[in-house]
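These are the residues of each chain, in order.
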Amino acid sequence: MANKARGEVRVEVGGEAFVFVANLGALADIEDALDKPFPEIAAGMQSGSVSVRVLLACAEAFAKAGGASDLSALRNCNDLAGLATAVGACVSAAFAGEGKSGNGDGAKT
C-alpha cells in the first residue's frame with residue numbers, strides 16, 4: 001500500500017501493480033543511469049521533451065525504491081502513455097509541497 005505522506009504512489013504498469021517512490025536514492029540512481037542532474041531531467045519532463053530512456057530509468061528507479069525486485073513488467077510494457085503518467089504522478093507526489101511552507105496539506109509544520 002502506498003503512503004502518500006512519503007511521496008509514494010501506487011501505479012499499474014504493464015498489468016502489474018507497483019509502488020513508486022521518488023526518494024533521494026531513486027533520484028541518484030536516475031542521475032547515474034542518465035548521466036545528468038535530476039533538475040535537468042525534470043525540466044525536460046516539464047517541457048514535454050522526454051525520451052523512452054528517461055521514462056524507463058525513472059520507472060525502474062522509483063519501483064526499486066518502492067520495494068520491487070522484478071522489473072520485467074516495466075521493461076516489457078507497451079503502454080508508453082501509461083508509463084509516462086505513472087512517472088509523472090510519482091514526481092508530482094514527491095515535489096508537491098516544494099517551495100511552500102507547511103506540509104502540503106494546509107497544516108503548518
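### A short note on the nonpolar core
In this structure, Val 13, Phe 18, Phe 20, Ile 30, Phe 62, Leu 74 and Val 87 are the most contacted members of the largest nonpolar core, which totals 32 residues. For this core, the secondary structure elements donating two or more residues are strand 1 (8-13), strand 2 (16-21), helix 1 (24-34), helix 2 (38-46), helix 3 (52-65), helix 4 (72-75) and helix 5 (80-94). With nine residues, the top contributor of residues to this core is helix 3. Aside from chain neighbours lying at most four places away, what touches Ile 30 is Phe 38, Ile 41, Ala 57, Cys 58, Ala 61 and Phe 62.

### Side note on the confidence of the model for the protein chain
Fine structural detail should not be taken from predicted coordinates in areas where pLDDT scores are low. For the protein chain, mean pLDDT is 83; residues scoring 70 or higher make up 83% of the total. Within the protein chain, the lowest mean pLDDT, 87, falls on helix 5, and the highest, 95, falls on helix 1. Here residues 100-109 is modelled with pLDDT under 50, and outside its nearest four sequence neighbours on either side it reaches four contacts, counting other chains as well.

Cut-offs applied
- Residues numbered from 1 in each chain as written.
- Predicted model: local features only at pLDDT ≥ 70, side-chain atom pairs only at ≥ 80, totals over all residues.
- Heavy atoms only, no water.
- Core = buried A, V, L, I, M, F, W, Y, C linked by side-chain atoms within 4.5 Å.
- Buried < 20%, exposed > 50% of the residue type's maximum accessible area, 1.4 Å probe, protein only.
- Helix = DSSP H or I, 4+ residues; strand = E, 2+ residues; numbered from the N terminus.
- Contact = heavy atoms within 4.5 Å.
- pLDDT = per-residue confidence, 0-100.

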